[in-house]
Amino acid sequence: MQHAKYMRQALMEAQKAYKLGEVPIGAVLVCRGEIISAGHDLRELLKDAGAHAEMLVLREAAQKLGDWRLNDATLYVTVEPCPMCAGAVVQYRVGTLVYGAPNSKSGSIDSILDIVRQPQFNHQVEVISGVLEEECRDIIQRFFKDLRSKKQ
């Protein structure tokens, strides 16, 4: 299954973030079977609240492809995107979004809001959820468990 293959790449990116002490969220953008960009959260390192994995990957992909319209692309992300990232998925015209674990705190696809499937917008995004959900949930839970134990 191709979705699992690319989600494993996103999980590898999440692991890189974990090692840096960043929230372990990874993302990969694929176009016509080729990984165009891959990245992970870098908010702490860059001191930038907008340095989410999805935002970094979308910007890089647009630069590489020479177009901000990513209609033929699929974005894989380990955790359901927040409102900012879900909005960016719409603005970049991403064709398909695939995510692993739901995000009960700020998920803006299926958990709290549904930004990407608003009929009023001129672009609709296909969504596939739950790909490698257990692995995606596990890395996030381990990170915050480790963080809490370090604070004690």
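Structural data are supplied above this passage.
Structure report, in brief. (Residues numbered from 1 in each chain as written. Predicted model: local features only at pLDDT ≥ 70, side-chain atom pairs only at ≥ 80, totals over all residues. Heavy atoms only, no water.)

### Description of helix α1 (residues 2–20)
The terminal C-alpha atoms of α1, which comprises 19 residues, lie 28 Å apart, in line with the 27 Å expected from a rise of 1.5 Å per residue. For α1, every residue scored as buried is listed here: Ala-4, Tyr-6, Met-7, Ala-10, Leu-11, Glu-13, Ala-14, Ala-17 and Tyr-18. Down the axis of α1, the buried side of the element spans an arc of 165°, and every buried residue falls inside it. Those residues of α1 that are exposed and angled more than 90 degrees off the buried face are Lys-19 and Leu-20. Immediately beyond the C-terminal end of α1, within one or two residues, lies Gly-21, with a positive phi of roughly 85°. (Helix = DSSP H or I, 4+ residues; strand = E, 2+ residues; numbered from the N terminus. Expected span 1.5 Å × (residues − 1). Buried < 20%, exposed > 50% of the residue type's maximum accessible area, 1.4 Å probe, protein only. Arc of directions from axis to C-beta.)

### Quick look at the packing of helix α3 (residues 53–65) against helix α4 (residues 83–91)
Helix-helix packing is described using two parameters, namely the angle between the two axes and the distance between the axes. Running from N to C, α3 and α4 point in directions that differ by 25°, and their axes come no closer than 9 Å. As summarised for this structure, α3 and α4 are arranged roughly parallel, according to the angle between their axes. For the crossing formed where α3 meets α4, the hand is left-handed. Between α3 and α4, the contacting residues are Glu-54, Met-55 and Leu-58 on the first element and Met-84, Cys-85, Ala-88 and Val-89 on the second. Grouping the amino acids of the contact of α3 with α4 by side-chain chemistry returns six nonpolar, no polar and one charged. (Axes fitted to C-alpha atoms, helices over the stretch in contact; angles between N-to-C directions. Parallel < 35°, antiparallel > 145°, perpendicular 65-115°, else oblique. Left-handed = near helix turned anticlockwise from the far one by under 90°. Contact = heavy atoms within 4.5 Å. Nonpolar A, V, L, I, M, F, W, Y, C, P; charged D, E, K, R; others polar.)

### What to know about the side chain of Thr-96
Among the structural elements, Thr-96 can be located in strand β4 (residues 96–101). Looking at Thr-96, its side chain comes within polar contact range of the side chain of Glu-126, at 3.2 Å. (Polar contact = N/O pair within 3.5 Å; in protein donor to acceptor, adjacent residues only side chain to side chain.)

### Remarks on the pairing of strand β2 (residues 34–40)
The pairing of strand β1 (residues 26–31) with β2 spans six bridges and is classified as antiparallel. Its bridge partner lying in β2, Gly-26 is registered against His-40. The antiparallel pairing of β1 with β2 creates a hairpin that spans two residues between the two strands, and Arg-32 there sits at a positive phi of about 50°. (Pairing = 2+ DSSP bridges.)

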